[in-house]
Amino acid sequence: MPPVLRLGSLPIPLTCLILSSHLAGAFYLPGITPTNYQTGDLVPLTVNHLNPSQSARDTQVRSVFSFDYYHHAFHFCQPEGGAQHVSESLGSIIFGDRIQTSPFQLQMGVNVTGCRAVCDEVEFEPRDAKFVNRRIWQNYNLNWLIDGLPAAQKYLDPNTNTEFYQPGFALGKVVEEQPRLHNHYNLFVDYHEVRKDQYRVVGILVEPESLGQSKRTGEGDDFTAECGNRDAPMVLEEKTSTHVTWTYSVYWRTSTTSFATRWDKYLHVYDPKIHWFSLINSAVIFMFLIGMVSTVLIRTLRKDIKRYNRLDQLRLDDFSGDNMEDGVVEDSGWKLVHGDVFRSPKHALALSVLVGNGAQLFMMTGFTIAFAVVGFLSPSNRGSLATVMILLYTFLGSIGGYASSRVYKSFSGTKWKQLFILTPSALPALVFSVFFLLNLFIWARGSSGAVPFTTMLVILGMWFLITVPLSILGSWLGFKQSQPPPPVRTNQIPRQIPPSSGYLRLVPSMFLVGILPFGAIFVELYFIMSSLWSNRLYYMFGFLFLSYGLLIVTSAAVTILMIYFLLCAENYRWQWRAFASSGASAGYMFAYSLLYWARMLSFSSFTGGLLYLSYSLLLSFLWFVMSGTIGFFACWVFVHRIYGSLKID
Ligand SMILES: *[C@@H]1O[C@H](CO)[C@@H](O)[C@H](O)[C@H]1NC(C)=O
């Protein structure tokens, strides 16, 4: 049964129709509305997928596959009548959440101090035992949710000596090369009294244990059990079958933490120094940029323009007489190529399509980060970030279409039909086919991370019914709008381009230009990677916002500088160059993801590595398109400005 899909709080078709009201509805923050319980009320415990994680013994993540909680090999107890899927947002499904109901009976304020069985004894066949033992070796974690809060394990940060909650707890533990299964859970639920007999859940810790020989003693509705022995841990035999009884105890503890601050313990800053490092890093890059751009560009350019315009005047004054200063009057530098800079580039169609898609991605990222900074996307609203991202992408199709057709028009393009069709389809088709292929791999492994077919259909539907029409509309508007002529006329015959040398060649220029934008974001990149692959919560959106701003400024400034030197070297093919060199930070990003793999991850299977590589490549490519677009538009404005200020007869 596929998970029930939900966008925010509404079913999909409705949401598509009244999305504006949904976005407005985001103000009330569905995940944050508190639930009050009275003593004895049932507090539902839902279960999410099992995922690979780090452990104290092993700081590397060893797999990328997550498994459904009710995967048959685990033999976890199902609730009576079978487990039900809890409705989830689109983003949360794509990012792997599979939330289902569970048979655990938690009553507000009622301690269960002895052991209580979850269900009858289960039997592990050798095949299943092997599977589960392997998952214990790979540090798989269980993920439970109580009242929207993840069940956590308590850790002590050695850097700051503070305690924090890390979501998830271990399936088992390896002691002396022997995997022990955790078959008993001690749940410590913190609750806060708001009014008399009105309680709210504000924290959950789970201390799992491995107790051999636990036995259910009750019958029927009575789930009492005899706790097993701590000295005889539960080990799954791989030769014969093993009987296991799942048990739990519950302890309710009053807490002074209020509902509003209950997430604080989860959002732990691993190393506060890193923030200062990030800020200083940004400041240094910024100063460097300002210095470079102001000295090189503004001063030189001003001088250039003044000189060019004065020389023109001189030449007009005494064009007949012999001028002693003939050598000086010769034009030089970027002015020489004025008759060619607005010549349309090769493959104008491809560039326009890329720039259009880049503009769409750029706006999507910007808006998402802005929403997150304002606090709309709290971690308690699972998957909200991804959901908002997908919705924004869908609805920003018009921006993509408009940008691509304006650029294409300025290139005096003629293949309009192709542009209209390729803009909304080329890049999404590529992304979707890669996604689909990788999904097949995940699915073949029996992992729950595979996105269900219905969700795929929904995404396809949203793209086809919303993005494509909007993009075509945007393209059409751009096509209809009149284009002001370029500031200087383009000559009939193209100029010879002298061979470029040194850093002005394509590849060296990409290496040079790419590094600064990458420098602006690489500190944040570490946290983003950790949240993607090592399942840590990401929440430092303020820093991300700053980094994004810095990224834009850096990409623009460095690319402009590069294009200035290029034009001075009489190479007028700036369009592709601006796009490629500004996008080159993607190359560094990919290299960084390889480094991250080497440091933090170690996959035991070929498919794990393949998945990681493919996703990194895909993300880097999207990044290339996005940051390339920033550089392209910056240079576009720059070139129009400088040639617009020339007086050319
Ligand atoms: C439940 O257990 C906790 C932790 O041991 C204890 O602090 C609390 O007083 C107990 N509550 C009741 C009602 O016994």
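Residues numbered from 1 in each chain as written. Predicted model: local features only at pLDDT ≥ 70, side-chain atom pairs only at ≥ 80, totals over all residues. Heavy atoms only, no water.

(A) Representation of the site of the ligand. Residues in contact with the ligand, as listed here, are N111, Y251 and W252. Note that an oxygen atom of the ligand is positioned 2.3 Å from one of the side-chain N or O atoms of N111. Bound to the protein, the ligand loses 38% of the 360 Å² it would expose on its own. (Near = heavy atom within 4 Å. Polar contact = N/O pair within 3.5 Å; in protein donor to acceptor, adjacent residues only side chain to side chain. Areas by Shrake-Rupley, 256 points an atom, 1.4 Å probe, with all protein chains shown as cover.)

(B) Region of the structure containing the sheet that holds strand β6 (residues 140–142). Taken in spatial order, the 3 strands line up as β2-β6-β11 in an open sheet, and their pairing is antiparallel. Edge positions in the open sheet fall to β2 (51–52) and β11 (169–170), since each of these has one partner strand only. Sheet topology note: the β2/β6 ladder contains 2 bridges and is antiparallel. Bridged to P52 within β6 is Y140. (Pairing = 2+ DSSP bridges. Helix = DSSP H or I, 4+ residues; strand = E, 2+ residues; numbered from the N terminus.)

(C) Representation of unusual backbone geometry in the model. The backbone phi angle of H75 is positive, close to 55°, even though this residue is not glycine. Looking at the secondary structure, you find H75 in the loop between β2 and α3 (90–94). Of note, S412 is a non-glycine position whose phi angle comes to about 50°, a positive value. As for its placement among the helices and strands, S412 is situated in the loop between α9 (397–410) and α10 (416–444).

(D) The arrangement of the domain arrangement of the protein chain in detail. You can read the domains of the protein chain as domain 1 (34–261), domain 2 (277–318 + 329–342 + 507–649) and domain 3 (345–485). Domain 1 and domain 2 are separated by 48 Å when their C-alpha centres are compared. Listed by partner, the interface residues are 16 residues for domain 1 and 17 residues for domain 2. On the domain 1 side of the contact with domain 2, Q60, V61 and V64 bury the most area, a combined 39% of that side's loss. In this assembly, domain 1 and domain 2 are joined by 0 salt bridges. Where domain 1 meets domain 2, there are 3 residue pairs in polar contact (both at pLDDT 80 or more). Listing elements by their share of the side of domain 1 that touches domain 2, those giving two or more residues are β2 and β10 (162–167). Here the residues of the side of domain 1 that touches domain 2 sort into 6 nonpolar, 8 polar and 2 charged. (Domains from an automatic or database assignment. Contact = heavy atoms within 4.5 Å. Buried area = accessible area lost by both parts, 1.4 Å probe. Salt bridge = Lys/Arg side-chain N within 4 Å of Asp/Glu carboxyl O. Nonpolar A, V, L, I, M, F, W, Y, C, P; charged D, E, K, R; others polar.)

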